[in-house]
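What follows is each chain in one-letter form.
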Amino acid sequence: MEQTDEQILALLSRDGRMSFTALGHKVGLSTSATQQRVRRLEQRGIITGYRADVDAAKVGRPLTAFIEIQPLSTTMADTAPEYLEALPQITSCYSVAGNASYLCLAQVGSAEELDELLNLIRRKLDVRTVTTIVLRTAFRHRPLVNEVPGWGEKQQ
């Protein structure tokens, strides 16, 4: 991947609403050239979308928890992903190797709501859960592409 494309990805990863003009100014391209590069990155599937970063606490879900889901029986059909996707409290779900089959991220309003969610998951899927409650987030949503060394000078 070209250095300019990496620069564009790094900037858009931090601010997905950056205009093509501002983006072009930072990477040293015209607005139309920048727009073409972004469109190519989208067409190649490198940029897969743009999302709003929502403060979970401000929408009534201040409690974050990781939930490991461990099957009790290996003979049952694996319907967990479809079921978990339908639960609005589950914001991410990963199939993992190890003791657990899935690792999910949940955003809930309270410890009581988390307890209800865990009981619901256990009953419906016939699984064991191991839950870790997040006390503080050191960082999240780190961009996959970091600033390229030496290109910061162009921004000034």
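Note that the coordinates shown come from a computational prediction; the quantities given were computed from them, not determined experimentally. (Residues numbered from 1 in each chain as written. Predicted model: local features only at pLDDT ≥ 70, side-chain atom pairs only at ≥ 80, totals over all residues. Heavy atoms only, no water.)

Student: Quick question: what am I supposed to make of the nonpolar core here?
Tutor: Side chains of nonpolar character tend, in soluble globular proteins, to be buried together. Grouped together as the largest cluster of nonpolar side chains are 19 residues, with contacts concentrated most on Ile 67, Ile 69, Leu 84, Ile 90, Leu 117 and Ile 121. Elements that contribute at least two residues to this core include exactly β1 (63-71), α4 (80-85), β3 (102-108) and α5 (111-125). No other element matches α5, which puts 5 residues into this core. Look past the residues within four positions of Ile 69 in its chain and what remains in contact with it is Leu 84, Ala 100, Ser 101, Tyr 102, Cys 104, Ile 121, Val 127, Arg 128 and Thr 129. Formed by 10 residues, the second largest nonpolar core is a distinct cluster that contains Ile 8, Leu 11, Val 27 and Leu 41. (Core = buried A, V, L, I, M, F, W, Y, C linked by side-chain atoms within 4.5 Å. Buried < 20%, exposed > 50% of the residue type's maximum accessible area, 1.4 Å probe, protein only. Helix = DSSP H or I, 4+ residues; strand = E, 2+ residues; numbered from the N terminus. Contact = heavy atoms within 4.5 Å.)

Student: What exactly am I supposed to notice about the packing of helix α1 (residues 3-14) against helix α3 (residues 31-43) here?
Tutor: Describing two packed helices takes the angle between their axes plus the distance from one axis to the other. As a packed pair, α1 and α3 sit with axes 11 Å apart at the nearest point and diverge in direction by 80°. Judged by the angle between their axes, α1 and α3 are roughly perpendicular. Where α1 abuts α3, its residues Thr 4, Asp 5, Ile 8, Leu 9 and Leu 12 lie against Arg 37, Val 38 and Leu 41. Broken down by class, the residue content of the contact of α1 with α3 amounts to 5 nonpolar, 1 polar and 2 charged. (Axes fitted to C-alpha atoms, helices over the stretch in contact; angles between N-to-C directions. Parallel < 35°, antiparallel > 145°, perpendicular 65-115°, else oblique. Nonpolar A, V, L, I, M, F, W, Y, C, P; charged D, E, K, R; others polar.)

Student: Sorry if this is basic, but what is going on with the pairing of β1 here?
Tutor: The side chains of a regular strand alternate between both faces of the sheet. Pairing of β1 with β3 involves 7 bridges; the strand directions are antiparallel. If you follow Ile 67 over to β3, its bridge partner there is Cys 104. (Pairing = 2+ DSSP bridges.)

Student: So what exactly am I meant to see when it comes to the packing of aromatic side chains here?
Tutor: Note on aromatic pairs: each is described by the distance of the centres and the angle between the planes. For the coordinates displayed, the defined rule picks out 0 aromatic pairs. The ring of Phe 139 is capped by Arg 142, whose NZ or CZ atom sits 4.3 Å from the centre of that ring. (Phe/Tyr/Trp six-rings, centres within 6.5 Å; stacked < 30°, edge-to-face > 60°. Lys NZ or Arg CZ within 6 Å of the ring centre and 35° of its normal.)

Student: Even after reading the chapter, I still don't get α5, so can you show me in this structure?
Tutor: Since the α-helix packs 3.6 residues into each turn, any two residues three or four apart lie on the same face. Helix length check: α5 (15 residues) gives 21 Å between terminal C-alpha atoms against 21 Å at 1.5 Å per residue, within 8%. Listed in full, the buried residues belonging to α5 are Leu 114, Leu 117, Leu 118, Ile 121 and Leu 125. An end-on view of α5 places all buried positions within 100° of arc, on one side of the element. Along α5, exposed side chains directed more than 90 degrees from the buried face belong to Glu 112, Glu 116, Arg 123 and Lys 124. Check the buried side of α5 and you find it contacts β1, α4, β2 (90-95), β3 and β4 (127-133). One or two positions beyond α5, positive phi appears at Asp 126, with a value near 55°. (Expected span 1.5 Å × (residues − 1). Arc of directions from axis to C-beta.)

Student: What is the right way to read unusual backbone geometry from this model?
Tutor: Most peptide bonds are trans, and most residues other than glycine sit at a negative phi. Located in the positive-phi region is Asp 126, a residue other than glycine, with phi close to 55°. Within the element layout of this structure, Asp 126 appears in the loop between α5 and β4. Within the chain, His 141 stands out as a residue other than glycine whose phi angle is a positive 55°. Mapped onto the elements, His 141 comes out in the segment after β4. Judged by its relative accessible area of 56%, His 141 is exposed.

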